[in-house]
Amino acid sequence: MMSHYWKKQLNHSQLSALKKKLAFGCSKKIAFSIGRGKNLKFLEKINAAYHFFDHIKVVPHPRWIMRYRLKRKEEFVKIYLNALNTRVRFHQF
């Protein structure tokens, strides 16, 4: 189990990396969380504190799809495409 110190350092490192990426000028209207677990929890926590994004959209984690839903992967491809199209429509004027 990771100590509180290392969790804090890791979160600081992740936050710093996110701030650098956002400084490139990308849109902050929508963010995608790949997976509902720890990725989403971290993104929601950071977004609640810093208000980086207007909206967080969740898509299933590819590893989960390949392990547990391989027979339905075409369905999940459509989910990803719909999510990305939502992002495109979000920015059309």
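The structure we're discussing is the one just above.
Attention in this report is confined to the structure presented alongside it.

Cut-off values and rules
- Residues numbered from 1 in each chain as written.
- Predicted model: local features only at pLDDT ≥ 70, side-chain atom pairs only at ≥ 80, totals over all residues.
- Heavy atoms only, no water.
- Helix = DSSP H or I, 4+ residues; strand = E, 2+ residues; numbered from the N terminus.
- Buried < 20%, exposed > 50% of the residue type's maximum accessible area, 1.4 Å probe, protein only.
- Contact = heavy atoms within 4.5 Å.
- Areas by Shrake-Rupley, 256 points an atom, 1.4 Å probe, with all protein chains shown as cover.
- Core = buried A, V, L, I, M, F, W, Y, C linked by side-chain atoms within 4.5 Å.
- Phe/Tyr/Trp six-rings, centres within 6.5 Å; stacked < 30°, edge-to-face > 60°.

### Things to note about the overall build of the chain
Stage number 1. The helix and strand tally for the chain stands at 4 helices and 2 strands.
Stage number 2. Starting at the N terminus and ending at the C terminus, the chain contains elements arranged as α-β-α-β-α-α.
Stage number 3. Going through the 93 residues of the chain one by one, you find that 20% of them count as buried.
Stage number 4. Pairs at least 24 apart in sequence give 60% of the contacts found in the chain among residues at least 6 apart.
Stage number 5. Accessible area for the chain stands at about 7,700 Å²; split by element, carbon and sulfur atoms hold 58% of it.

### Notes on the nonpolar core
Stage number 1. The biggest cluster of nonpolar side chains holds 10 residues, and these are Leu15, Leu18, Leu22, Ala31, Leu40, Leu43, Ile46, Phe52, Phe53 and Ile56.
Stage number 2. Those elements that provide at least two residues to this core are helix 1 (4-22) and helix 2 (38-50).
Stage number 3. What leucine 43 contacts, discounting residues up to four positions off in sequence, is Ala31, Phe32, Ser33, Phe53 and Ile56.

### What to know about the packing of aromatic side chains
Stage number 1. Scanning the model with the defined rule gives 3 aromatic pairs in all.
Stage number 2. Their ring planes at 10° and their centres at 5.5 Å tell us that tyrosine 50 and phenylalanine 52 sit as a pair that is stacked.
Stage number 3. Measuring from centroid to centroid gives 5.7 Å for tryptophan 64 and phenylalanine 76, while their planes differ by 90°, and the two rings are edge-to-face. Placement of the pair is tryptophan 64 in helix 3 (residues 62-68) and phenylalanine 76 in helix 4 (residues 73-90), with a sequence separation of 12 residues.
Stage number 4. Residue phenylalanine 76 is classed as buried on the basis of its relative accessible area of 5%.
Stage number 5. An aromatic cluster of three or more residues is present, and its members are Tyr50, Phe52 and Phe53.

### Describing the side chain of asparagine 47
Stage number 1. Here asparagine 47 lies in helix 2.
Stage number 2. Exposure remark for asparagine 47: the relative accessible area of 13% places this residue in the buried category.
Stage number 3. In this structure asparagine 47 touches Phe52, Phe53 and Ile56, once residues within four positions along its chain are discounted.

### A short note on unusual backbone geometry
It is generally the case that most residues other than glycine have a negative phi and that most peptide bonds are trans.
Stage number 1. The phi dihedral of histidine 51 is positive, around 50°, even though this residue is not glycine.
Stage number 2. Structurally, the position occupied by histidine 51 is in the loop between helix 2 and strand 2 (55-59).
Stage number 3. Residue histidine 51 is classed as exposed on the basis of its relative accessible area of 62%.

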